[in-house]
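Chain and residue survey
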Amino acid sequence: MHSKQMQPPATGCDYTTATVCDECNSATGCDYTTATVCDDSDACTQNKCNPATGCDYTTATVCDDSDACTQNKCNSATGCDYTTATVCDDSDACTQNKCNPATGCDYTTATVCDDSDACTQNKCNPATGCDYTTATVCDDPATGCDYTMQFCHWM
């Protein structure tokens, strides 16, 4: 077999059109047994060969590990990369920032604020989180407050 650039026209070989054969054998004509290798060395594109236009790298590689808690990225040297975790942060200190692999970020679980001190109120401030600075008003024995003496003690 000879390269089409080195071989003069032979029976079955056409060098005048854009659809010339890749290899031309002077005895048998066009030889299509040698496949065109399309490889742009970019793992983020699919290496396809279009019979009409040649190599085609326009289709991106789809990276999806079906885990909403990882970011689907493509590294041109290594391919799909799922090592970066999805950052879940709703900027509300009163919710827990969790990630569910099936659905993604989940902020439905409330932060539990309890300092186990009956003399403070267990509150949550969305900007700062748990807040125990407000004293419990001593008017109910069930809360641990002695309403007759106006002080708080552990029960």
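Our structure is the block above this text.
Every chain's residues receive numbers from 1 upward, in the order its sequence appears when written. Two thresholds apply to this predicted model, a pLDDT of at least 70 for residue-level local features and 80 or more for giving and counting side-chain atom pairs, whereas whole-chain, interface and lining totals are computed over all residues. As a rule here, side-chain values come from all non-hydrogen atoms in the structure, and water together with hydrogens is ignored.

Every helix listed is a DSSP run of H or I at least four residues long, and every strand listed is a run of E at least two residues long, numbered separately from the N terminus. Regarding its fold elements, the chain presents 0 helices and 13 strands. For the chain, the N- to C-terminal ordering of α and β elements is β-β-β-β-β-β-β-β-β-β-β-β-β. The burial tally for the chain puts 17% of its 155 residues in the buried class. Here a residue-residue contact requires only that any non-hydrogen atoms of the pair lie within 4.5 Å. Partitioning the intrachain contacts of the chain with sequence separation of at least 6 by distance along the chain shows that 20% fall at a separation of at least 24. Burial classes follow relative accessibility: with a 1.4 Å probe on protein chains only, a residue under 20% of its type's maximum area counts as buried, one over 50% as exposed, and anything between as partly exposed.

In this section: unusual backbone geometry. Its identity as a non-glycine residue notwithstanding, Ser41 has a phi of 60 degrees, on the positive side. Tracing the backbone shows Ser41 in the loop between strand 3 (29-31) and strand 4 (48-50). Residue Ser41 is classed as exposed on the basis of its relative accessible area, which comes to 63%. One non-glycine residue with positive phi stands out, namely Ser66, at about 60 degrees. Note that Ser66 resides in the loop between strand 5 (54-56) and strand 6 (73-75).

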